[in-house]
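Structural characterization, general
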Amino acid sequence: MFSKQEAAQLKKEFWTAFGKAFPREWLLYDTKIKDFSFKFSADNKKAEVSLDIEMKDELFRNAYFEKIQSLEDLLRDEIGDFEIDEHFVLENGKVISRIWITKTGVSVFNKQTWPDTFEFFVEKMTAFEMFFYEYEDFIKDV
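Keep in mind that this is a model prediction, so the values were computed, not measured. (Residues numbered from 1 in each chain as written. Predicted model: local features only at pLDDT ≥ 70, side-chain atom pairs only at ≥ 80, totals over all residues. Heavy atoms only, no water.)

Attention shifts here to helix α1 (residues 4–21). Between the first and last C-alpha of α1 there are 26 Å, a value that for 18 residues agrees with the 26 Å anticipated at 1.5 Å per step. Taken residue by residue, α1 has Ala7, Leu10, Phe14 and Phe18 as its buried positions. With its buried residues spanning 70° around the axis, α1 presents them on a single face. Away from its buried face by more than 90 degrees, α1 exposes Gln5, Lys12 and Lys20. Buried residues along α1 sit against β1 (36–42) and α4 (114–140). (Helix = DSSP H or I, 4+ residues; strand = E, 2+ residues; numbered from the N terminus. Expected span 1.5 Å × (residues − 1). Buried < 20%, exposed > 50% of the residue type's maximum accessible area, 1.4 Å probe, protein only. Arc of directions from axis to C-beta. Contact = heavy atoms within 4.5 Å.)

With that settled, consider the packing of aromatic side chains. Scanning all chains against the criterion turns up 23 aromatic pairs. When the centroid spacing of 5.2 Å and the interplanar angle of 50° are considered together, the rings of Phe14 and Phe118 count as tilted. Taken together, the residues span a long stretch of sequence, with Phe14 in helix α1 and Phe118 in helix α4 at a distance of 104 residues. The class of Phe14 is buried, set by a relative accessible area of 0%. Phe118 gets classed as buried once you look at its relative accessible area, which sits at 7%. Between Phe18 and Phe22 the ring centres are 5.8 Å apart and the planes differ by 45°, which places this aromatic pair in the tilted class. Taken together, the aromatic side chains of Phe14, Trp15, Phe18, Phe22, Trp26, Phe40, Trp114, Phe118, Phe120 and Phe121 make up a single cluster linked through ring pairs. Its end group placed over the ring of Trp26, Arg24 keeps NZ or CZ at 3.7 Å from the ring centre. (Phe/Tyr/Trp six-rings, centres within 6.5 Å; stacked < 30°, edge-to-face > 60°. Lys NZ or Arg CZ within 6 Å of the ring centre and 35° of its normal.)

In this section: a negative patch on the surface. Together, Asp73, Asp77, Glu78 and Glu134 make up a region of like negative charge exposed at the surface. If you tally residues by element for the negative patch, the top one is helix α3 (residues 72–79), at three residues. Within the secondary structure, Glu134 is located in helix α4. Residue classification places Glu134 among the exposed positions, given a relative accessible area of 59%. (Patch = residues over 30% accessible without salt bridge, like charges linked within 9 Å, V, L, I, M, F, W, Y side chains within 5 Å. Areas by Shrake-Rupley, 256 points an atom, 1.4 Å probe, with all protein chains shown as cover. Salt bridge = Lys/Arg side-chain N within 4 Å of Asp/Glu carboxyl O. Lys, Arg positive; Asp, Glu negative; His and termini not counted. Charge placed at Lys NZ, Arg CZ, Asp CG, Glu CD.)

Here it is in structure tokens:
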């Protein structure tokens, strides 16, 4: 078990190592759609790449979600099997729409799993980005 300080330090090392191993500009928040972003996350059991649709206005959130949902088969062709939840509840209670893919058996606290996690991040985020760029005009037309 790690102290809070040790855990924070390992997390910092993890993200720094990822950035150094794959120094490129990721799309992430630069979609030109407010509250529509791609995210990396990792913890002690898994890593995830997600598309989070976080608009406070439920009508807009649902409209963007339905656009992505209408492209579900095409997205699956790009990134493989994924999970999708129109009403995903974050730890803070906020409801968002999320599409995500998970890799289990990796940990931010186990440096031996970092290469697998980094490869997963690069493969899946690149696929998410390619999908977004391919269908960007359709997605943005809300």
